[in-house]
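Examining the three-dimensional arrangement
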Amino acid sequence: MGHPVKVLIMGAGGRDFHNFNVVFRSDPDYRVMAFTATQIPGIAGRRYPPELSGPLYPEGIPILPEDDLRRIVEDGGIDLVVLSYSDLTNAELGDRVNRVIASGASFMVLGPKDTMLVPSRPTIAVTAVKTGAGKSTASRAIARELRSRGIRVAPIRHPMAYGDLSRMAVQRFATAGDLERAGLTIEEREEYEQYVRMGIPVFAGVDYARVMAAAELEGDVIMWDGGNNDLPFIRPNYMITVADAMRPGLEASAFPGEANVIDADAVVINKADQAPPGAVDAISENVRRLNPGARITVAESAVVVEEPDALRGRNAIVVEDAPTVTHGGAPYGAGYVAAVKYGATVIDPRPYARGSIADAYRRYPQMGPVLPSMGYSEDQRRDLAETLRAAPADVVVLGTPADISALVEGGKRVIRVGYELKVIDGPTIGELVEEFLKRSGLG
């Protein structure tokens, strides 16, 4: 037998580790030499620890910057590069293919047959065309619908492996105390808090075979709540893909969002109330072309504001969910919509941006006059707090699901804002859940 195939896994602190665990970790015919990292600040320079990498990798595996891709491939004699992250356009995917083959290596994307775990519980998956489509509103609506039927739902979140990886094999969050003790980033809290506030334990981690096993012990049904626009890690009985009416065309041009549309049982076209003219029809046409059998639901993202009267006539700085307005490509989210709707004057944070926040505006020029809730590290949280302090606003509007009130100083009032899904055409969430339950033998 020849030497093992030398592999480099291109990642962003989530799908990359899952692909390694289920495909490469125990296969001696491959040797994963490194991961590369992008999208998420602070991941590069660390190691995937030996506690998770297994006996073939007693020293763990280095995580290196994707910016050094060509040098890593050439100097390391890499044979195969495996792309293992999401939230790209098809054009950006092509760019990465070209960069890899120009370095001399082969290129691979692993598909569902190789990477989806098989659950023992009925599973419904919620995916998206692109980050910022409003997937969390659909996930919450499905969780409420299942619970209203007396069904215990166990949500499993896509990994956000930003902390101490050796302590993150399996995570379960049921209370605010669980979140505090875990020392989570703002980005992680944005995804977990919504379930904790609903009184529903949520599962996550790095080793998804073990995460799934833990969820199966508590739930009658598993709900895969995907991150970015990634494919599910767990094979679903039913899949709902959320499209963004504010950004028509992505459903046919995003990777792997387009695959999610092709494979969906139902597509929810969200934010119809904020869509440009003709957008919903254009998306529906693309969905029917790509997946003629998919059910199509049209929905609004109804803005929910704690104290709408407190916004009228005030100067407001808006903080939005960071992934939505950075690599997700959206200009703004719920916070900006609410501030404008209820008569606030939105202060542009860019002149007051500090450190990593200023860097984010340069890197993501599509961002509107909103502040991304960057909080992957203590330095970023400090930059966010200093930017909030410097901006001449009376009110801080939190469009992020994470409670970052502790970062707000100087007497500024904090107003929390969110979205809830409101179906205006097509099958209701209840009808889609009913289809899932019948297919799963529970209806």
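The preceding data block contains the structure.
My aim in this report is to walk through the structure given alongside it, one point at a time. (Residues numbered from 1 in each chain as written. Predicted model: local features only at pLDDT ≥ 70, side-chain atom pairs only at ≥ 80, totals over all residues. Heavy atoms only, no water.)

Moving on: the environment of Leu-371. With respect to the secondary-structure elements, Leu-371 resides in strand 19 (residues 371-372). Residue class for Leu-371 comes out buried when judged on its relative accessible area of 0%. Along the backbone, Leu-371 and Val-319 are 52 residues apart, and their C-alpha atoms lie at a distance of 4.6 Å. Residues contacting Leu-371, with those up to four places away along its chain left out, are Ile-317, Val-318, Val-319, Glu-320, Pro-349, Ile-357, Tyr-361, Leu-384, Thr-387 and Leu-388. (Helix = DSSP H or I, 4+ residues; strand = E, 2+ residues; numbered from the N terminus. Buried < 20%, exposed > 50% of the residue type's maximum accessible area, 1.4 Å probe, protein only. Contact = heavy atoms within 4.5 Å.)

By the alternation rule, side chains of strand 11 (residues 202-205) split into Val-202 and Ala-204 and Phe-203 and Gly-205, which are all buried. Sheet topology places strand 10 (residues 170-173) next to strand 11; four bridges connect them, and they run antiparallel. Within strand 11, the position partnered with Phe-173 by the bridge is Val-202. (Pairing = 2+ DSSP bridges.)

Moving on: the pairing of strand 2 (residues 30-37). Relative to strand 2, strand 1 (residues 5-11) is paired through seven bridges, and the arrangement is parallel. In the strand pairing of strand 2, Ile-9 is matched with Phe-35.

Moving on, we get to the nonpolar core. If you look at the biggest cluster of nonpolar residues, it comprises 51 residues, and the most contacted ones within it are Ile-142, Leu-146 and Ile-156. The residues contacting Leu-146, other than those within four sequence positions of it, are Ile-151, Val-153, Val-221, Val-433, Phe-436 and Leu-437. In terms of nonpolar packing, the next biggest core, distinct from the first, is built from 44 residues, Ala-310, Val-318, Leu-388 and Val-396 among them. (Core = buried A, V, L, I, M, F, W, Y, C linked by side-chain atoms within 4.5 Å.)

On to the environment of Val-414. You can see Val-414 is positioned in strand 21 (residues 413-425). With residues up to four places along the chain from it excluded, the contact list for Val-414 reads Val-396, Leu-398, Ser-405 and Val-408.

Turning next to the packing of aromatic side chains. This structure, assessed with the given rule, holds twelve aromatic pairs. Between Phe-17 and Tyr-48, the ring centres sit 4.6 Å apart and the planes meet at 20°, which makes this aromatic pair stacked. Of the two residues, Phe-17 is situated in helix 1 (residues 15-24) and Tyr-48 in strand 3 (residues 47-48); the sequence distance between them amounts to 31 residues. Assigned by exposure class, Phe-17 and Tyr-48 land together as buried. Both rings, one in Phe-20 and one in Tyr-57, keep their centres 5.3 Å apart while their planes meet at 70°; by these two values the pair is edge-to-face. Taken as a pair, Phe-20 in helix 1 and Tyr-57 in the loop between helix 2 (50-53) and strand 4 (61-65) lie far apart in primary sequence, 37 residues in all. Like Tyr-57, Phe-20 is buried. Members of the aromatic cluster, connected to one another through ring pairs, are Phe-17, Phe-20, Phe-35, Tyr-48 and Tyr-57. (Phe/Tyr/Trp six-rings, centres within 6.5 Å; stacked < 30°, edge-to-face > 60°.)

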